[in-house]
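# Geometric and topological summary
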Amino acid sequence: MATDYDSPRKTDDDLSEDSLQELQARRADKSASIIDEDLDAGEVAELPGADLSNEELTFRVVPRQADEFTCTRCFLVHHRSQLATEKNGQPVCRECAA
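Residues numbered from 1 in each chain as written. Predicted model: local features only at pLDDT ≥ 70, side-chain atom pairs only at ≥ 80, totals over all residues. Heavy atoms only, no water.

Let us now look at the overall build of the protein. Helix and strand counts for the protein stand at three helices and four strands. Helices and strands in the protein line up, N terminus first, as α-α-β-β-β-β-α. Counting over 98 residues, the protein shows a buried share of 7%. For the protein, long-range pairs separated by at least 24 residues make up 5% of all intrachain contacts whose partners lie at least 6 apart in sequence. (Helix = DSSP H or I, 4+ residues; strand = E, 2+ residues; numbered from the N terminus. Buried < 20%, exposed > 50% of the residue type's maximum accessible area, 1.4 Å probe, protein only. Contact = heavy atoms within 4.5 Å.)

Structure, rendered in structure tokens:
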């Protein structure tokens, strides 16, 4: 996001004087302008704040493979190449070990 460093900056006094309605209007303007338009053919654009309570998700769950492990800190399944250490026989991934 581009920043205009030449524009006048608001002081703390100016920020405290903003009304609740002005802040809500600014927030609505910002959220309305953030819509990802990179859609493939056949995809439907969903607007922010849309009610998706009646939608049903369907996906295939694949069991953990022989060359994978579950990290005992983050509980994510990783490939064996991501294994950093085993503490007390419990595998820990590189990300959690860092």
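Still more ground to cover, so stick around.
What follows deals with the side chain of His78. One can find His78 in strand S2 (residues 77–79). In contact with His78, not counting residues within four places along its chain, are Asp67, Glu68, Phe69, Cys71 and Cys93.

Time to look at unusual backbone geometry. Excluding glycine, most residues fall at negative phi; most peptide bonds, likewise, are trans. At Phe75, a position not held by glycine, the phi torsion is positive, near 60°. Following the sequence through the fold, Phe75 ends up in the loop between strand S1 (68–70) and S2. By relative accessible area, which is 62% here, Phe75 ends up exposed. Residue Asn88 is not a glycine yet carries a positive backbone phi of 55°. Owing to a relative accessible area of 79%, Asn88 belongs among the exposed residues under this scheme.

Our focus in this paragraph is the pairing of strand S3 (residues 83–87). Summarising the sheet, S3 and strand S4 (residues 90–93) pair through four bridges and their orientation is antiparallel. Bridge pairing links Lys87 to Gln90 in S4. Counting the residues between successive antiparallel strands, the hairpin from S3 to S4 contains two residues, one of them, Asn88, with a positive phi of roughly 55°. (Pairing = 2+ DSSP bridges.)

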